[in-house]
Structures are given as C-alpha cells and as structure tokens.
Amino acid sequence: MKTNPGRFFEDYSVGQVIRHAVPRTLSGGERALYHALYPARGAVYSSDEFARVCGLPQSPLDDLIVFHTVFGKTVPDISLNAVANLGYAEGRFLAPVYPGDTLQSQSEVIGLKQNSNGKSGVVYVRTTGVNQRGEAVLEYVRWVMVRKRDMSAPAPETVLPDLAKVVAPADLVVPGGLTFDGYDFELAGEPYRLGDYAVGEVIEHVDGVTVEEAEHMLATRLWQNTAKVHFDATNRADGRRLIYGGHVISLARALSFNGLANAQMIVAINGGAHANPCFAGMTVRAWSEVLDKVETGVPGVGAIRLRLVATSGTGTALRDADGKYAPEVLLDLDYWALMPV
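Since this is a predicted model, take the numbers as computed values, not measurements. (Residues numbered from 1 in each chain as written. Predicted model: local features only at pLDDT ≥ 70, side-chain atom pairs only at ≥ 80, totals over all residues. Heavy atoms only, no water.)

### A few points about the nonpolar core
Counting 57 residues, the largest nonpolar core has Tyr38, Phe67, Leu138, Trp223, Val284 and Ile304 as its most contacted members. Broken down by element, the residue count for this core peaks at seven residues, all from helix 3 (residues 63–78). Ignoring anything within four residues of it in the chain, the contact list for Leu138 reads Val66, Phe67, Val70, Arg92, Phe93, Leu94, Thr127, Thr128 and Gly129. Of all hydrophobic cores here, the second largest spans 23 residues; its members include Val44, Val174, Tyr183 and Val301. (Core = buried A, V, L, I, M, F, W, Y, C linked by side-chain atoms within 4.5 Å. Buried < 20%, exposed > 50% of the residue type's maximum accessible area, 1.4 Å probe, protein only. Helix = DSSP H or I, 4+ residues; strand = E, 2+ residues; numbered from the N terminus. Contact = heavy atoms within 4.5 Å.)

### A word on the pattern of salt bridges
Applying the stated criterion across every chain, the model contains 13 salt bridges. A salt bridge links Glu49 to Arg52, with the shortest nitrogen-to-oxygen separation between them at 2.5 Å. Here the residue Glu49 and the residue Arg52 both occupy positions in helix 2 (residues 48–53), the gap between them amounting to three residues, near one helical turn. According to the relative accessible area criterion, Arg52 is partly exposed, its value standing at 40%. A salt bridge links Glu289 to Arg307; the nearest nitrogen and oxygen atoms lie 3.8 Å apart. Separated by 18 residues along the polypeptide, Glu289 in strand 9 (residues 283–295) and Arg307 in strand 10 (residues 301–311) bring together distant segments of the chain. Three or more residues are tied together by salt bridges with common partners; here these are Glu289, Arg307 and Asp332. (Salt bridge = Lys/Arg side-chain N within 4 Å of Asp/Glu carboxyl O.)

### A closer look at the pairing of strand 4 (residues 102–114)
Of the strand pairs in this sheet, strand 1 (residues 17–19) and strand 4 are connected by three bridges, and their pairing is antiparallel. Within the sheet, the bridge partner assigned to Ile18 lies in strand 4 and is Ser107. Note: strand 2 (residues 24–25) against strand 4, two bridges, orientation antiparallel. Each residue of the ladder has a partner; that of Arg24, found in strand 4, is Leu103. The sheet contact formed by strand 4 and strand 5 (residues 120–130) spans ten bridges and is antiparallel. (Pairing = 2+ DSSP bridges.)

### Side note on the side chain of His230
Note that His230 resides in helix 6 (residues 228–231). Here His230 falls in the buried class, since its relative accessible area comes to 9%. Among the polar contacts made by the side chain of His230, one reaches the main-chain carbonyl oxygen of Leu242 at a distance of 2.7 Å. Sequence-distant contacts of His230, that is, excluding residues within four places in its chain, are made with His216, Met217, Thr220, Asn225, Arg241, Leu242, Ile243 and Tyr244. (Polar contact = N/O pair within 3.5 Å; in protein donor to acceptor, adjacent residues only side chain to side chain.)

Have a look at this one:
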C-alpha cells in the first residue's frame, strides 16, 4: 500500500519527532492571495517603503502567512484524521520571513490523553518552522483531537505538558533593526499609540465578513491544509465542511485593524481556543480586550497583549452563566503584538 491514510491516535508516542515533508518557498503571490482572502491592511506588511522606514529591509510576509504555512506542513502527519484542532500555547515568532524564503516544519509529540469515549484522543505537539538557513522563524504548541483506528487499542499513559499561560515579555523577539522613530501614523491608518490603550479596555471592531465556502476552500488549498474535515463533506455526519480555524484567526485579525491598526506585528501567541465550529454562511465579527502592555528592550517599540475574540453573533459576551464559551464564540486568541510607544 503506497497511499498514506494518516496517523491515528494510537500511532503517536511521547518524544516522537516528525520531520514534515515538502518545504515551501514563499513569494509575493502568497501575500497577494492572503490579502485577497482577508481584509488585511497592516502597513508593515503592505508596503516595502513603510517597512524600510521602520528599519526592515523590505516588507516581510504577514505573520499569519508564516503561521499557516508552517501549520499546513504538519497537517498530513498530525491532523489528517483530526476531529478538531483545539488550542495553542507558547507561540513565538522568532524572525521575519521575506519573499524568497523557504520554510519547513518539524514537530515533537509532548503529550497524549485518550478521551473517555475510547474513540479518540488528544495529541500535543511542539512545532518549529525553520528557513533555508536552518534558522527558526516560528515555534508553537498545539493540541488536536485525533480519531483512533482501532477502538480496542489500549490507551497510552496520559502525559499532559506543563504549558506557560503567557509568553513572558522578556522572551518576545523584536526583529533586528525595527524602529518606530519615523513611524507615520497617518499612513498607518490610526493615531493611537501604546499609551492610548488601557488594560481592560474592550474594542468592538465594527465590521463583519460572511464566510463563503469557495474562500475557505481556496484557503485550505493555499496553506496545503489537507485535514479531511476541512475539504471532504462526507467526513462529518452532518455533511458540512468545518471551516479551518486558521481561516477564522486571519479573518478576526484583519477585522481588528479597525481600532488596532498600529498593532503591527504579532510576536507571540500565548494561548488560543477554537471555542465552537465555524461553517460557511456564518458572519464573523471580532472584538478585542487589552490584557497588558509593556515596553520592549528596543526604544520606542512596545508590546500590547490582546485577547482577540471572533464571534458569529454580536456584542462582547465570552462565556455563559456556567462559565462555558457562549455558543456564538468561534475563537478566543491571546497574543502579543508590537506597537509604537
């Protein structure tokens, strides 16, 4: 048998290292498609000249292009037989990626827990994306629910990794040369600096995007995300394709431009949960809460910690009376972004 049915839960073991196939060279084409799929308008990622004024050699590729590319490489080995991707932690963007760079991925299994129904289990992996020079550009932990092939296969010993709730400010990596000394707020789209935001402030981002099946399918192909639940409608009992969680992340991040235009570069993902499934036809809206803000070791460059919530409803309700995510909440993402002080 030469075809690959993908790994099932019982095929994983703690300490297992998986080198993912097919490196990918990125170009301006990925940027153009990304900006066509999502209303992304961050100035550093849109303009070479703006990026040069900020001390970079040219405009890097959007942070989430890097995330989706590194993530997509892992799917055939980690989540081809996934029920759902569940969450993220300890994510750090370690170096900018520019057109012409080639990325590849490697993952280590760091945790396993079989579900009580015996039909699936949760696999925890730490993934690292590296460029053609072997330099790490991104690392993160994610956990995913994976089907079992053999329901009678014995459950592995439960190992749950001890994950940090937040990436420490001292561990945030500011790209070399980055400066906001000559930052043009008018060209960036908004006048607000780090000091204009207050911890606890909630920003409703006003706009919404209705998810189309065609756009979602283009996104899963663009990022080479081959998880069956995203492209094969027969893989779910309800006959519906599950919208790739990264598609929701990028939609919400792009929507957050309205109110957070100067949160230019994501440098860390502290945690995240795909709280409820998203399907074509839903309208995604977003709101953000300011959780923290700090100055980095680079003068004039600050970091703002944000909770980004994507919702299929309206308002800013996160949880219900029982403490569970409200049914309209699609995404709860905690991240650090760089912003002029």
